[in-house]
Amino acid sequence: MLEADWGAAKAQYEAADVRIQEKELENFTQNYAVVAKLSSFFAMIAYSVLTMTPKWTNTAKNSQARRFFLYTFLAIAISFHMLAMVVSSWCMIFGPSLAIRGPPGAMIRAVRGLQQEEVFTHTTFALGMIFLVLAAVMLAFVKLQFVVAVTVAILLLFW
């Protein structure tokens, strides 16, 4: 009798553990979908700024260095956002695939792998956002008068 109760309790525990892991896997997959969507959106915005037809202000202070930093920040932002999108898409495809088709214990391995990749993905997404904001500040300095550009920079950097 005790062995049967022990076996039933163990089976219930294992079934509950699998359900929790499935929920974690679904949560990570949805999280990666949001990161991939936002990364592609912000990369598209940065690319559209990169390819826009510029109307520069006609001042002598509008140097080539400002344009250089604008284009450099935009390129770095696009790179980080594309990296975050690729890694997120990769995790959305291969994480659940490993959990479903893998050997016994693959569900735990998939969830742990997604947890580890989450730190890298969020870091690259955050770096892409930082460089996109820096590019917006540089765009303000390139296209606007100095006083207005400083106001925009303060709003973008500290708000």
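Criteria and cut-off values
- Numbering of residues starts from 1 in every chain and runs along the sequence as written.
- Residues qualify for local features only when their pLDDT is at least 70, as the model is predicted, and side-chain atom pairs are given and counted only at 80 or more; totals for whole chains, interfaces and linings, by contrast, use all residues.
- To obtain the side-chain values, all non-hydrogen atoms of the structure were used and water was disregarded.
- Working definition: a ring pair exists when centres of Phe, Tyr or Trp rings (six-membered ring for Trp) sit within 6.5 Å. Plane angles under 30 degrees give stacked, over 60 give edge-to-face, the rest tilted.
- The helix and strand labels rest on DSSP assignments: H or I over at least four residues marks a helix, E over at least two residues marks a strand, and numbering proceeds from the N terminus.
- Axis definition: a line fitted to C-alpha atoms, over the contacting stretch in the case of helices. Angles run 0 to 180 degrees between N-to-C directions.
- Roughly parallel refers to an angle under 35 degrees, roughly antiparallel to one over 145, roughly perpendicular to one between 65 and 115, and oblique to any angle outside these ranges.
- Two helices crossing with the near one rotated counterclockwise from the far one by less than a right angle form a left-handed crossing, whereas a clockwise rotation gives a right-handed crossing.
- Residue polarity is assigned by list, with Asp, Glu, Lys and Arg as charged and Ala, Val, Leu, Ile, Met, Phe, Trp, Tyr, Cys and Pro as nonpolar; anything else, Gly included, falls into the polar class.
- Type-normalised accessible area, obtained with a 1.4 Å probe on protein chains alone, sets the label of each residue: buried when under 20%, exposed when over 50%, and partly exposed for intermediate values.
- Should any heavy atoms of two residues lie within 4.5 Å, those residues are counted as being in contact.
- Only residues above 30% relative accessible area that lack a salt bridge enter a patch, with like-charged residues linked at up to 9 Å and the nonpolar side chains Val, Leu, Ile, Met, Phe, Trp and Tyr linked at up to 5 Å.
- Where accessible areas are quoted, they stem from the Shrake-Rupley method and a 1.4 Å probe; at the residue level, only the protein chains shown are allowed to cover.
- Criterion for a salt bridge: a side-chain nitrogen of Lys or Arg within 4 Å of a carboxyl oxygen of Asp or Glu.
- Here, nonpolar core refers to any group of buried Ala, Val, Leu, Ile, Met, Phe, Trp, Tyr and Cys residues whose side-chain atoms link them within 4.5 Å.
- Expected helix span is given by 1.5 Å per residue-to-residue step, counting one fewer step than there are residues.

This brings us to the packing of aromatic side chains. Between two aromatic rings, the relevant description is the distance of the centres plus the angle of the planes. Evaluated as defined, the whole model comprises eight aromatic pairs. The interplanar angle of 20° and the centroid separation of 6.0 Å between the aromatic rings of phenylalanine 80 and phenylalanine 131 together place this pair among those described as stacked. Pair noted here: phenylalanine 80 is in helix 2 (residues 64–101) and phenylalanine 131 is in helix 3 (residues 106–143), with a separation of 51 residues, a long-range link. Here the aromatic cluster, defined as three or more aromatic residues joined through ring pairs, consists of Phe68, Phe69, Phe73, Phe80 and Phe131.

What follows covers the packing of helix 2 against helix 3. Helix 3 packs onto helix 2 with a crossing angle of 160° between their chain directions and a minimal axis gap of 8 Å. Taken as axis vectors, helix 2 and helix 3 run roughly antiparallel relative to one another. Like other packed secondary-structure pairs, helix 2 and helix 3 cross with a definite hand, here left-handed. When grouped by side-chain class, the residues that make up the contact of helix 2 with helix 3 number 29 nonpolar, six polar and four charged.

Next up on the list: the side chain of histidine 81. Looking at the element boundaries, histidine 81 is found in helix 2. Overall, the relative accessible area of 0% leaves histidine 81 in the buried class.

This brings us to the side chain of threonine 121. Structurally, the position occupied by threonine 121 is in helix 3. Accessibility expressed as a relative area gives 0% for threonine 121, which makes it buried. What threonine 121 contacts, discounting residues up to four positions off in sequence, is Tyr32, Val35, Ala84, Val87 and Ser88.

Glancing now at a nonpolar patch on the surface. There is a patch of nonpolar side chains on the surface, built from Leu144, Phe146, Val147 and Val148 and spanning about 380 Å² of accessible area. Its place among the elements puts phenylalanine 146 in helix 4 (residues 146–158).

Moving on to the nonpolar core. One finds Ala46, Leu70, Phe73, Leu74, Leu132 and Ala135 to be the most contacted residues of the largest nonpolar core, which totals 14 residues. Listing elements by their share of this core, those giving two or more residues are helix 1 (2–50), helix 2 and helix 3. Counting 10 residues, the second-largest nonpolar core is a separate cluster that includes Phe28, Ala99, Ala110 and Leu114.

Right, let's talk about helix 1 for a bit. The terminal C-alpha atoms of helix 1, which comprises 49 residues, lie 71 Å apart, in line with the 72 Å expected from a rise of 1.5 Å per residue. Residues of helix 1 that are buried: Gln21, Leu25, Phe28, Tyr32, Val35, Ala36, Ser39, Phe42, Ala43 and Ala46. Packing partners of the buried residues in helix 1 comprise helix 2 and helix 3.

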